[in-house]
Amino acid sequence: MASLQHEPRVTGGSNRVSAVDLSVLNSKDFDDHKEIEHDQKPGWKSFLSFVGPGFLVSLAYLDPGNMETDLQAGANHRYELLWVILIGLIFALVIQSLAANLGVSTGKHLSELCKAEYPIFVKYCLWLLAEIAVIAADIPEVIGTAFALNILFKIPVWVGVLLTGLSTLLLLGLQKYGVRKLEILIAILVFLMAACFFGEMSYVKPPAGDLLKGMFIPKLSGQGATGDAIALLGALVMPHNLFLHSALVLTRKIPTSVRGINDACRYFLIESGIALFVAFLINVSMVAVSGTVCSQKNLPSEEMDRCNDLTLNSASFLLKNVLGKSGSTLYAIALLASGQSSTITGTYAGQFIMSGFLDLKMRKWLRNLVTRCIAIAPSLIVSIIGGPSGAGRLIIIASMILSFELPFALIPLLKFSSSSTKMGPHKNSIFIILFSWALGLGIIGINIYYLSTAFVDWLIHSTWPKVANVFIAILVFPVMAAYVLSVIYLMLRKDVVVTYIEPSKGNPIAQDNMENGNDANRRPELTNAPYREDLSDIPFPQ
């Protein structure tokens with residue numbers, strides 16, 4: 001009786017290693033497998049099967065919070081800060097590609113790796129911070145959608161917040177038809193945003209030469225230019241987006257060969273590049289519309305005041321007064337598409353974070369409902385009590401929270417993607433390690449600078465009594481010190497958990513096949529991994 005040889009293989013669930021009986025694999029299996037390899041789809045058809053995750057991820061760069069930042073930057077500095085958006089989205093492409101590579105190479109998304117790597121106290125702290133980041137990211141999206149409904153249908157803002165939550169749940173019901181349907185819906189909404197703002201540009205006709213100068217000639221002139229540039233950069237990389245991207249790539253079937261994984265990483269890079277390029281064009285159009293409208297000659301003093309303090313709500317009235325009702329309508333439709341699509345991806349990210357950190361399994365509708373209720377609660381309370389102005393201020397607070405949260409997702413991503421214990425031979429090269437860490441530390445430094453200067457500026461200009469300001473400073477500065485120490489801990493802590501499973505080195509033929517994409521140690525039906533069907537449907541435990 002033939003002896004049984006057991007070989008580790010990669011599976012679709014969270015436990016990637018299981019035994020495969022190699023004695024039953026005969027030469028016919030190997031020939032069938034090679035035939036499948038040779039019959040693979042052409043390059044462009046293979047690429048199309050990877051299209052989708054990048055468009056969901058690109059929405060973090062098109063959400064209402066970014067819209068408000070873009071509109072204000074254009075109103076204050078015309079086209080001079082377009083180069084910041086260009087550099088920021090190039091940086092974002094690098095960071096997002098690391099998240100995609102991490103998921104493809106490990107078969108686990110970022111929250112699952114954090115759960116496996118860190119002690120229980122650190123794990124729960126990171127989970128709590130990630131959940132707060134999802135809520136903070138959702139605040140501008142929910143409020144932006146509510147503003148859009150108010151502009152289009154005169155619905156009160158607090159009612160719009162409730163409708164946003166309900167509509168998001170309905171749209172997330174598309175999950176039962178597969179993640180690809182949801183990705184198609186998001187892509188349609190992205191292109192709807194593009195059509196609306198390109199339509200706005202056809203009204204205002206910004207000078208092309210000035211736009212190109214703004215993109216490629218760095219300049220920080222004028223009052224507040226540095227602060228606006230920092231706000232633009234700080235709003236680009238979202239913490240929850242890193243968790244989302246590393247999970248979405250696992251919904252694709254990827255060969256377990258070195259070549260298959262490398263091809264998948266390349267396809268996801270190209271797909272993310274296309275999606276982020278579309279996002280870049282939309283961001284440019286936002287700045288161009290705002291910059292052109294607010295720089296018009298003979299603009300009434302009331303409109304100039306709006307330009308000096310441009311918000312999502314006031315921008316619609318400005319466009320209506322300058323461009324007519326159609327300009328305001330196009331803006332509202334774009335804002336509605338931005339807010340609604342961003343809330344979908346925010347809810348989706350919340351699901352992955354909850355299931356990854358806590359291994360919490362529940363039905364999709366219940367998971368969506370819990371995530372939605374937690375996310376819309378702050379927006380609903382503030383919109384009822386403070387009205388549109390209070391909701392607008394909440395967006396600024398949410399942006400500051402996201403800046404505060406970023407290192408606790410970005411540092412684990414940078415460490416894991418550069419670690420052989422997590423990525424094996426697919427870890428970053430020394431050049432990518434140096435570049436990504438310099439980039440990551442630069443973004444973290446910008447956010448810390450933005451937070452600290454904003455807090456100090458608030459203390460200086462606060463109308464509160466001096467005693468209250470002193471008391472607040474005594475409370476906040478120790479928290480800031482603890483924050484810096486936590487960031488240093490995550491940076492210096494050595495990874496101790498090995499999650500990468502090396503292929504067998506006992507069979508030279510098998511190893512050669514592995515390197516060339518022909519993994520003969522696996523049946524053809526077992527060669528698709530890491531595929532995570534559990535990410536699109538987490539059943540309720542019996």
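Residues numbered from 1 in each chain as written. Predicted model: local features only at pLDDT ≥ 70, side-chain atom pairs only at ≥ 80, totals over all residues. Heavy atoms only, no water.

Enquirer: How should I be thinking about the state of the cysteines in this particular structure?
Expert: One way to say it: the disulfide is the covalent bond shared by the sulfur atoms of two cysteines. Tallied over the entire structure, the rule returns 1 disulfide. Two residues share a disulfide in this structure: Cys 294 and Cys 307, whose sulfurs sit 2.1 Å from each other. Where Cys 294 bonds to Cys 307 through sulfur, the torsion about that S-S bond is close to -90°, and the disulfide is left-handed. Taken together, the positions of Cys 294 in helix H13 (residues 258-294) and Cys 307 in helix H14 (residues 301-308) put the pair 13 residues apart, joining distant regions of the chain. A relative accessible area of 8% places Cys 294 in the buried class. (Disulfide = S-S within 2.5 Å. Helix = DSSP H or I, 4+ residues; strand = E, 2+ residues; numbered from the N terminus. Buried < 20%, exposed > 50% of the residue type's maximum accessible area, 1.4 Å probe, protein only.)

Enquirer: Quick question: what am I supposed to make of a nonpolar patch on the surface here?
Expert: There is a patch of nonpolar side chains on the surface, built from Trp 158, Leu 162, Ile 381, Ile 384 and Ile 385 and spanning about 530 Å² of accessible area. Where the nonpolar patch is concerned, the elements lending two or more residues are helix H8 (157-172) and helix H17 (364-405). Ranked by residues supplied to the nonpolar patch, first place goes to H17 with 3 residues. By the element assignment, Trp 158 lies in helix H8. Judged by its relative accessible area of 39%, Trp 158 is partly exposed. (Patch = residues over 30% accessible without salt bridge, like charges linked within 9 Å, V, L, I, M, F, W, Y side chains within 5 Å. Areas by Shrake-Rupley, 256 points an atom, 1.4 Å probe, with all protein chains shown as cover. Salt bridge = Lys/Arg side-chain N within 4 Å of Asp/Glu carboxyl O.)

Enquirer: Which parts of the structure should I look at to understand the packing of aromatic side chains?
Expert: The geometry of two aromatic rings is summed up by the distance between their centres and the angle between their planes. Applying the stated criterion across every chain, the model contains 11 aromatic pairs. Each ring, one from Phe 50 and one from Tyr 267, has its centre 5.2 Å from the other, and the planes form 35°; the classification is tilted. On the criterion of sequence distance, the pair formed by Phe 50 in the loop between helix H2 (43-48) and helix H3 (53-58) and Tyr 267 in helix H13 is long-range, its members being 217 residues apart. The burial state of Phe 50 is the same as that of Tyr 267; both residues are buried. Among the aromatic residues, those joined into a cluster by ring pairs are Phe 50, Tyr 267 and Phe 268. Cation over ring: Lys 123 sits above Tyr 124, and NZ or CZ is 4.6 Å from the ring centre. (Phe/Tyr/Trp six-rings, centres within 6.5 Å; stacked < 30°, edge-to-face > 60°. Lys NZ or Arg CZ within 6 Å of the ring centre and 35° of its normal.)

Enquirer: Would you take a moment to explain the packing of helix H5 (residues 82-106) against helix H18 (residues 407-417) for this structure?
Expert: Axes are the key here: two packed helices are described by the angle between their axes and the distance separating the axes. At a minimum axis separation of 10 Å, H5 and H18 run at an interaxial angle of 60°. Taken as axis vectors, H5 and H18 run oblique relative to one another. In the packing of H5 onto H18, the handedness of the crossing is left-handed. On H18, the residues touching Ile 95, Leu 98, Ala 99 and Leu 102 of H5 are Leu 410, Leu 413, Leu 414, Phe 416 and Ser 417. A per-class count over the contact of H5 with H18 returns 8 nonpolar, 1 polar and no charged. (Axes fitted to C-alpha atoms, helices over the stretch in contact; angles between N-to-C directions. Parallel < 35°, antiparallel > 145°, perpendicular 65-115°, else oblique. Left-handed = near helix turned anticlockwise from the far one by under 90°. Contact = heavy atoms within 4.5 Å. Nonpolar A, V, L, I, M, F, W, Y, C, P; charged D, E, K, R; others polar.)

Shape descriptors only; they carry no functional weight alone.
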